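Examining the three-dimensional arrangement
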Amino acid sequence: MSIEFGWWATRPETGKFQINVEIHGGNIVWSRKQGHHNSWEKYGPPTDEDWDKLIYEAERRVPRRLISPKQFEDIKSLRAR
């Protein structure tokens, strides 16, 4: 089962851009897109702030049963790698 997360981020050096994270089978793919007419490109390495946001977004989905507690633990373990 694939889980997808997305949010907007702003950095002083690059401006505002969209981050998309896809998790499937223990693999994680970070991508970014800046501007409406640009395509998705690989994003990385993610910052601690990016990981914190991913964990926060995942944690919000557990009580609503959009992801299971086991999936949430798997996401947290991906950060340790």
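Notes on the structure in this doc start here. Just so it is clear, the model here is predicted, and its values are computed rather than measured.

**Examining the sheet that holds strand 3 (residues 27–33)**
Read from one edge of the open sheet, 4 strands run 1-2-3-4, paired in antiparallel fashion. Looking at which strands have only one partner, the edges of the open sheet turn out to be strand 1 (2–11) and strand 4 (41–42). Pairing between strand 2 (residues 15–24) and strand 3: 7 bridges, direction antiparallel. Its bridge partner being in strand 3, glutamine 18 is matched across the sheet by lysine 33. The strands touched by helix 1 (residues 48–61) within the sheet are strand 1, strand 2 and strand 3, with strand 1 carrying the most contacts at an inclination of about 135°.

**What about the side chain of aspartate 50?**
Looking at the secondary structure, you find aspartate 50 in helix 1. In terms of polar contacts, aspartate 50 uses its side chain to reach the side chain of arginine 11, at 2.7 Å. In this view, aspartate 50 contacts Trp7, Arg11, Ile19, Trp30 and Tyr43; residues no more than four positions away in its chain are not counted.

**So, the nonpolar core**
Phe5, Trp7, Ile19, Val21, Trp30, Leu54 and Ile75 are the most contacted members of the largest nonpolar core, which has 18 residues in total. Taken together, the elements giving at least two residues each to this core come down to strand 1, strand 2, helix 1 and helix 2 (69–80).

**Some thoughts on the packing of helix 1 against helix 2**
Where helix 1 contacts helix 2, the axes come no closer than 10 Å and their chain directions differ by 175°. Between helix 1 and helix 2, the angle is such that the two are roughly antiparallel. Across from Asp48, Trp51, Asp52, Leu54, Ile55, Ala58 and Glu59 in helix 1, the residues of helix 2 making contact are Phe72, Ile75, Lys76, Leu78 and Arg79.

Calculation criteria
Residues numbered from 1 in each chain as written. Predicted model: local features only at pLDDT ≥ 70, side-chain atom pairs only at ≥ 80, totals over all residues. Heavy atoms only, no water. Pairing = 2+ DSSP bridges. Helix = DSSP H or I, 4+ residues; strand = E, 2+ residues; numbered from the N terminus. Contact = heavy atoms within 4.5 Å. Axes fitted to C-alpha atoms, helices over the stretch in contact; angles between N-to-C directions. Polar contact = N/O pair within 3.5 Å; in protein donor to acceptor, adjacent residues only side chain to side chain. Core = buried A, V, L, I, M, F, W, Y, C linked by side-chain atoms within 4.5 Å. Buried < 20%, exposed > 50% of the residue type's maximum accessible area, 1.4 Å probe, protein only. Parallel < 35°, antiparallel > 145°, perpendicular 65-115°, else oblique.

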